[in-house]
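# Understanding the architecture of this molecule
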Amino acid sequence: ELFGPQTRSLQNANLDPCSVAQPVAERTPELRALCVGTGVPTAQVWQIENVISGQVNTFSGTDPLAQPDPEQADTFTAGVVWTPDMFEGTFKNWIFSLDYYDIEVTDYIGTFAPQEILDGCYAFADLSKCDAVVRESGLLTLPSSGLETYTTNLDYLKVSGMEFAFSFGAPLGDYGDLTFSGNVNYYFENESKADKTTPVLDCLGYYGASCG
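What you see is a predicted model, and the numbers here were worked out from it, not measured in a lab.

## What to know about the sheet that holds strand 11 (residues 201–202)
- Strands sit in the order 3-4-9-10-11 across an open sheet of five strands; the sheet is antiparallel. The open sheet has two edge strands, strand 3 (72–82) and strand 11, and neither has a second partner.
- Here strand 3 pairs with strand 4 (residues 92–106) via 11 bridges, running antiparallel. Bridge pairing in strand 4 places A73 opposite V105.

Spelled out as structure tokens, the structure:
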């Protein structure tokens, strides 16, 4: 995290607010000024192409001049483990465990999603986000253009839930042992917030690019 190499890649994004895809009703003089300020020629505002196939170029890794600080965490965990003998028979070494956890991390180390950078700049006029927009001829689709998603400190991450785990085994004689195991997790809470201008990302019940 402190010494990650800087690389270029593609990440998911939906909309370049300076492109032709920006809804007409949301085109304002303030937005035009932000587009021009980040490198879009005045005549090309809302004329340039949008991000292609839902992806945009990004520059990731570590910025040696803006390295992340340590995270701070407040955690609570409690659990029980049961190793019963009553099930001994064909299957051996039964183990059951049930754990509760409640974890909150502030200043957690991560990266802004590309769309968070675009929205932060053009919807909330966050100039630190605008500084992360690198355009070539006004575009974000050319090889040397993209968004700087370097590792940084984000606002907070909160998760809580229960996890159930089990394992048991069966001896196979000269062939060794066969072990079966499984884990089941249920979230009560699973959310994060990148910074003050970024909405809370509630991943409870969701899976996707931002909720892995």
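## Side note on the side chain of S160
- With respect to the secondary-structure elements, S160 resides in strand 9 (residues 156–171).
- Look at S160 and you get buried, because its relative accessible area is 6%.
- Beyond its immediate chain neighbours, meaning those up to four positions away, S160 contacts Y100, Y101, D102, Y186, Y187, F188 and E189.

## Observations concerning the sheet that holds strand 6 (residues 133–134)
- Read across the open sheet, the four strands follow the order 1-2-7-6; overall the sheet is mixed. Two strands close off the open sheet at either side, each with one partner strand: strand 1 (7–12) and strand 6.
- Pairing of strand 6 with strand 7 (residues 146–150), which is carried by two bridges, proceeds in the antiparallel orientation. Bridging across to strand 7, V133 finds its partner in L147.

## Comments concerning the state of the cysteines
- Under the criterion given, the structure shown has three disulfides.
- The side chain of C121 participates in a disulfide bridge whose partner is C130; the two sulfur atoms lie 2.1 Å from each other. Taking the torsion about the sulfur-sulfur bond, which here is approximately 95°, the covalent link between C121 and C130 counts as right-handed.
- On the basis of relative accessibility, which here comes to 0%, the residue C121 falls in the buried class.
- What makes C130 buried here is its relative accessible area of 8%.
- Covalent S-S linkage joins C203 and C211, the inter-sulfur distance amounting to 2.0 Å. Disulfide C203-C211: torsion about the S-S bond near -75°, hence left-handed.
- Owing to a relative accessible area of 9%, C203 belongs among the buried residues under this scheme.
- Taken N- to C-terminal, the disulfide-bonded cysteines of the chain are connected 1-2, 3-4, 5-6.

So, how was this worked out
Residues numbered from 1 in each chain as written. Predicted model: local features only at pLDDT ≥ 70, side-chain atom pairs only at ≥ 80, totals over all residues. Heavy atoms only, no water. Pairing = 2+ DSSP bridges. Helix = DSSP H or I, 4+ residues; strand = E, 2+ residues; numbered from the N terminus. Buried < 20%, exposed > 50% of the residue type's maximum accessible area, 1.4 Å probe, protein only. Contact = heavy atoms within 4.5 Å. Disulfide = S-S within 2.5 Å.

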